[in-house]
Amino acid sequence: MGRTRPDGYFAALPAHRDRPALVLASEDVDLIKSTCNRAILLEEGRIAAVGTAEKVAAIAEVQR
């Protein structure tokens with residue numbers, strides 16, 4: 001089974017419980033930038049970057 005984050009990791013992330021959330025998994029950086037406010041970049045199943053869609057997309061572009 002994969003590694004888990006320490007207790008409280010997700011509790012420390014901003015909660016947006018007052019609005020619905022959508023999880024979009026895609027390799028299309030332009031789609032993510034045009035659709036999402038925030039993004040998570042995964043590399044080999046591990047979190048490599050978390051932030052605004054623009055910031056994470058820029059990191060993903062550099063790593064290609």
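Refer to the structure printed above.
Remember, it's a predicted structure, so these values are computed and weren't measured experimentally.

(A) Up close: the overall build of the protein chain. Scanning the protein chain for helices and strands turns up two helices and two strands. Going from N to C terminus, the protein chain has its helices and strands arranged as α-β-β-α. Relative to its 64 residues, the protein chain shows a buried fraction of 17%. Sequence-distant contacts in the protein chain: of pairs separated by 6 or more residues, those separated by 24 or more amount to 19%.

(B) Here's a closer look at the pairing of strand E2 (residues 46–52). Examined bridge by bridge, strand E1 (residues 38–43) and E2 share six bridges and lie antiparallel to one another. From the neighbouring strand, Glu-43 faces E2, where its bridge partner is Arg-46. In textbook terms, the turn of a hairpin is the stretch between consecutive antiparallel strands, and for E1 and E2 this stretch comprises two residues, one of which, Glu-44, has a positive phi near 55°.

(C) Up close: the nonpolar core. Ile-32, Cys-36, Ala-39, Leu-41, Ala-49, Ala-53, Val-56 and Ala-60 together form the largest nonpolar core, which totals eight residues. If you list the elements that add at least two residues to this core, you get E1 and helix H2 (53–63). Looking at this core element by element, the count peaks at three residues for H2. Discounting residues that sit within four places of it in the chain, Ile-32 has contacts with Leu-24, Ser-26, Ala-39 and Ala-53.

Cut-offs used in this document
- Residues numbered from 1 in each chain as written.
- Predicted model: local features only at pLDDT ≥ 70, side-chain atom pairs only at ≥ 80, totals over all residues.
- Heavy atoms only, no water.
- Helix = DSSP H or I, 4+ residues; strand = E, 2+ residues; numbered from the N terminus.
- Buried < 20%, exposed > 50% of the residue type's maximum accessible area, 1.4 Å probe, protein only.
- Contact = heavy atoms within 4.5 Å.
- Pairing = 2+ DSSP bridges.
- Core = buried A, V, L, I, M, F, W, Y, C linked by side-chain atoms within 4.5 Å.

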